[in-house]
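Structural overview for review
Single-letter residue listing:
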Amino acid sequence: MRRYFQAILFGLLLLQVGHAQDSASQAANPEAALESIVMGFKPGAMVVVQHYPDTRSELVEITMLSPTYPPRLLQQQSLMVGQYTGVPTRGLYVYNSNPKNPAAGFLKARFATNGLMDPTVGVYRIGALAKALAGVQNEHALEGIIVNFEGVQPTARTLRSFVSEDVTLRGVPVANPLGVEYRVRFLTQSADKYAIPDEATVKAKAQAAPKSTDNRTSLSIIALLAVASVAAGCLVYFLVLGSGKSSAPKR
């Protein structure tokens, strides 16, 4: 417990030294600190998930934003999604959106699986997607992803935010198209350590501040994580439903 509070104090000190004007507001508003983390990266992939209640299955579309992303790697990652959901990936199709001029298009994968979402109770399992797309140990490693669960609304059980030393995320309701959007930042590529829960807890528990990060995680991120983790714990549930602005690009 003592080390936990020392980490928080150290984080606040770093904020004061490096970001004098912003530190006071972020310390007073942990939500602002969390937003700084999840907004401060370039997403490597956009994921759209649609639910089909008749078959209780999901259609997943992954769009890679790097023009040099290997199709075979995306194929393997798409198959991994099925392993994490417990239902094999079906109908996998990896293609370029502009086959006549691939350099001007986007590498995409479309497939079906089950178990990524339960809109009836507002549970959206972001962990399977994050684990499948993280863990790359070369130049194709992603800083993070944006995931849109389309045609749904959050409930009190919907996971709104999560903070750990390996992965951090924040979800917001969006209006156009209707859904729940998550920005997920990979602080390390240790995908097996991504302990992202399926849903929020009614009584949130505070989580220890990060003890270590990889080379891509700066000290300012450590400080922001320390502040963000104080906000009534790391699992925050939707108490007030609102509308937001989608950041998903037009496809």
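Structure's up top.
Structural notes, computed from the coordinates. Source: prediction; values computed, not measured.

All right, on to the environment of Leu 169 then. Looking at the secondary structure, you find Leu 169 in strand S9 (residues 167-175). Distance in space between the C-alpha atoms of Leu 169 and Ile 196 is 9.1 Å, their sequence separation being 27 residues. Excluding residues within four positions of it along the chain, Leu 169 makes contact with Leu 34, Val 38, Ile 126, Leu 159, Arg 160, Ser 161, Phe 162, Tyr 182, Arg 183, Val 184 and Ile 196.

Contact pair helix H4 (residues 71-85) / helix H5 (residues 126-133): the axes reach a minimum separation of 8 Å and the direction vectors enclose 140°. Taken together, the axes of H4 and H5 lie oblique to each other. The crossing of H4 and H5 is right-handed. In this structure, H4 contributes Gln 77, Met 80, Val 81, Tyr 84 and Thr 85 to the contact, and H5 contributes Ala 128, Leu 129, Lys 131, Ala 132 and Leu 133. Each residue belonging to the contact of H4 with H5 can be placed in one class, and the counts come to 7 nonpolar, 2 polar and 1 charged.

Moving on, we get to the pattern of salt bridges. Applying the stated criterion to the full structure yields 4 salt bridges. Measuring nitrogen to oxygen at the nearest pair gives 3.5 Å for the salt bridge that ties Arg 125 to Asp 198. Of this pair, Arg 125 sits in the loop between strand S6 (123-124) and H5 while Asp 198 sits in the loop between strand S10 (178-186) and helix H6 (219-228), and the two are 73 residues apart along the sequence. A relative accessible area of 38% places Asp 198 in the partly exposed class. For the salt bridge of Glu 199 with Arg 157, the shortest nitrogen-to-oxygen distance reads 2.8 Å. Of this pair, Glu 199 sits in the loop between S10 and H6 while Arg 157 sits in the loop between strand S7 (144-150) and strand S8 (159-163); the two residues are 42 residues apart in sequence, bridging distant segments of the chain. Take Glu 199: its relative accessible area is 27%, and that puts it in the partly exposed class.

Moving on to unusual backbone geometry. Cis rather than trans, the peptide bond between Asn 176 and Pro 177 has omega equal to 0°. Looking at the element boundaries, Pro 177 is found in the loop between S9 and S10. Positive phi, close to 55°, is recorded for Arg 56, a residue that is not glycine. One can find Arg 56 in the loop between strand S1 (45-52) and strand S2 (57-64).

To describe a pair of aromatic rings, one takes the distance between the centres and the angle between the planes. With the rule as written, the count across this model stands at 4 aromatic pairs. Residues Tyr 124 and Phe 149 carry aromatic rings whose centres are separated by 5.2 Å and whose planes lie at 35° to one another, so their mutual orientation is tilted. Of the two residues, Tyr 124 is situated in strand S6 and Phe 149 in strand S7; the sequence distance between them amounts to 25 residues. A relative accessible area of 1% means that Tyr 124 is categorised as buried. By the ring-pair criterion, three or more aromatic residues cluster together here, those being Tyr 124, Phe 149 and Tyr 182.

In sequence terms Glu 199 and Ala 156 are 43 residues apart; their C-alpha atoms lie 9.1 Å from each other. Filtering out sequence-adjacent residues up to four positions away, Glu 199 remains in contact with Val 123, Arg 157 and Leu 159. Of the polar contacts made by the side chain of Glu 199, one reaches the side chain of Arg 157; its length is 2.8 Å.

Our focus in this paragraph is H5. The buried count for H5 comes to 7 of 8 residues, which makes it a mostly enclosed element. Within H5, burial applies to Ile 126, Gly 127, Ala 128, Leu 129, Ala 130, Ala 132 and Leu 133. Of the residues flanking the end of H5, it is Gly 135, one or two places downstream, whose phi is positive at about 90°.

Rules behind the numbers
- Residues numbered from 1 in each chain as written.
- Predicted model: local features only at pLDDT ≥ 70, side-chain atom pairs only at ≥ 80, totals over all residues.
- Heavy atoms only, no water.
- Helix = DSSP H or I, 4+ residues; strand = E, 2+ residues; numbered from the N terminus.
- Contact = heavy atoms within 4.5 Å.
- Axes fitted to C-alpha atoms, helices over the stretch in contact; angles between N-to-C directions.
- Parallel < 35°, antiparallel > 145°, perpendicular 65-115°, else oblique.
- Left-handed = near helix turned anticlockwise from the far one by under 90°.
- Nonpolar A, V, L, I, M, F, W, Y, C, P; charged D, E, K, R; others polar.
- Salt bridge = Lys/Arg side-chain N within 4 Å of Asp/Glu carboxyl O.
- Buried < 20%, exposed > 50% of the residue type's maximum accessible area, 1.4 Å probe, protein only.
- Phe/Tyr/Trp six-rings, centres within 6.5 Å; stacked < 30°, edge-to-face > 60°.
- Polar contact = N/O pair within 3.5 Å; in protein donor to acceptor, adjacent residues only side chain to side chain.

It is worth stressing that arrangement in space is one thing and function is another; only the former is reported here.
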